[in-house]
Amino acid sequence: VLPTALTLLAITIFPLLYELRLAFMSWELAMGAPAKFVGLQNFVRILTQDSRFWASMRVTMTLMTVGVTIQLMLGMLLALLLNRLGPWRSPFVSFLLIPVMIAPVVAGFQFRMIYHHQFGPLNYLIDLATFGRWQGAAWIANPKIALYAVMAADIWQWTPFLMLIILAGLQSISPEMYEAAEIDGASPWQSFWQITVPLISAVVIVGILIRIMDMFKLFDIIYLVTGGGPGNVTETISFYTYLQGFKFFSLGYTAAMAFIQLIVIIVISQIFLKYQKKLRGAA
């Protein structure tokens, strides 16, 4: 196990410890000033003085709650439909998984073209459907709808991921349980809530947790579609961290911000994992 341990030490543990040390220092690389120890000053500044940090966190939380909820509902609906297809299931699953296979950079570029106010196909189709009465909208230039345009792109790409996880959970349920419920007089709606939902809950929680962690890393689509704009209405926490580190070159401040995100993700993960453990114990 020594080669594996050394590899993990080199690519994971050492950078993490180095970043933790950097979080307690002030190192403004753009000014050419040497690094100096400032203790908890970076953390205090982020949590009490940086309104942009809280704005980007609010954007991330909006995408996480609204976006992942829509993905879960659509994924559940698609999985339930696919579960009834029988031998025709495989080609439909392969077709629906295409968005997941596309690189986020490519997806971001695609949606930037789709949302283009003048030349985008979305506004062209809207113009055709309304017979020229409405020429569409400036989807990524309007502060009121830009965030939802980004959310739609993320929903399109990652709904099939939750669909696949839920479908795997549905396939693991024995048909005999539904037959027994039907004999006992249970309606399809009752079978769904009393059999399907409890038995796939553990699997669904894992899928939701993965998507929540992905939301904290959402960068590609934001960078390519909106660049965090207009203003900073679509600026996620990962994009703001990128700006601090690679545009403003404030390395200590960026490291502290990254550790705050890590703590938030760990707390959320523990909550979900404890709930999953509780469900397994109840089962």
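Described in the following lines is the structure provided in the data block. (Residues numbered from 1 in each chain as written. Predicted model: local features only at pLDDT ≥ 70, side-chain atom pairs only at ≥ 80, totals over all residues. Heavy atoms only, no water.)

### Let's talk about unusual backbone geometry
Where we set the bar: The numbering of helices and of strands both runs from the N terminus, where a helix is a DSSP run of H or I of at least 4 residues and a strand a run of E of at least 2.
With an omega dihedral of -5°, the bond running from G229 to P230 counts as a cis peptide bond. Following the sequence through the fold, P230 ends up in the loop between α11 (220-226) and α12 (237-246). Phi at F249 is positive, roughly 55°, even though this residue is not glycine. Its location among the elements puts F249 in the loop between α12 and α13 (251-282).

### With respect to the packing of aromatic side chains
What counts, and what does not: Pairing of aromatic side chains here covers Phe, Tyr and the six-membered ring of Trp, requires ring centres within 6.5 Å, and sorts the geometry by plane angle: under 30 degrees stacked, over 60 edge-to-face, intermediate tilted. Here's how the labels work: a residue is buried when its accessible area is under 20% of the maximum for its type, exposed when over 50%, partly exposed in between, all with a 1.4 Å probe on protein chains only.
For the structure shown, the criterion picks out 18 aromatic pairs. Taking the centre distance of 5.5 Å and the plane angle of 20° together, the rings of F219 and Y223 count as stacked. For F219, a relative accessible area of 23% corresponds to the partly exposed category. Aromatic side chains Y223 and Y242 sit 6.0 Å apart centroid to centroid with 90° between the ring planes, which places their arrangement in the edge-to-face category.

### Structural notes on the pattern of salt bridges
To keep things clear, this is the line we draw: Salt bridge, as used here, is a side-chain nitrogen of Lys or Arg placed within 4 Å of a carboxyl oxygen of Asp or Glu.
Applying the stated criterion across every chain yields a total of four salt bridges. Put simply, D154 and R211 hold a salt bridge, and the shortest N to O gap is 2.8 Å. Within this pair, whereas D154 is found in helix α8 (residues 146-171), its partner R211 is found in helix α10 (residues 188-215), the two being separated by 57 residues in sequence. In this structure, D154 and R211 share a single accessibility class: buried. The salt bridge involving D214 is made with R211; its shortest N-O contact spans 3.1 Å. Of the two residues, D214 and R211 both sit in helix α10, three residues apart, roughly one turn of that helix. Classification of D214 by relative accessible area gives partly exposed; the value is 24%.

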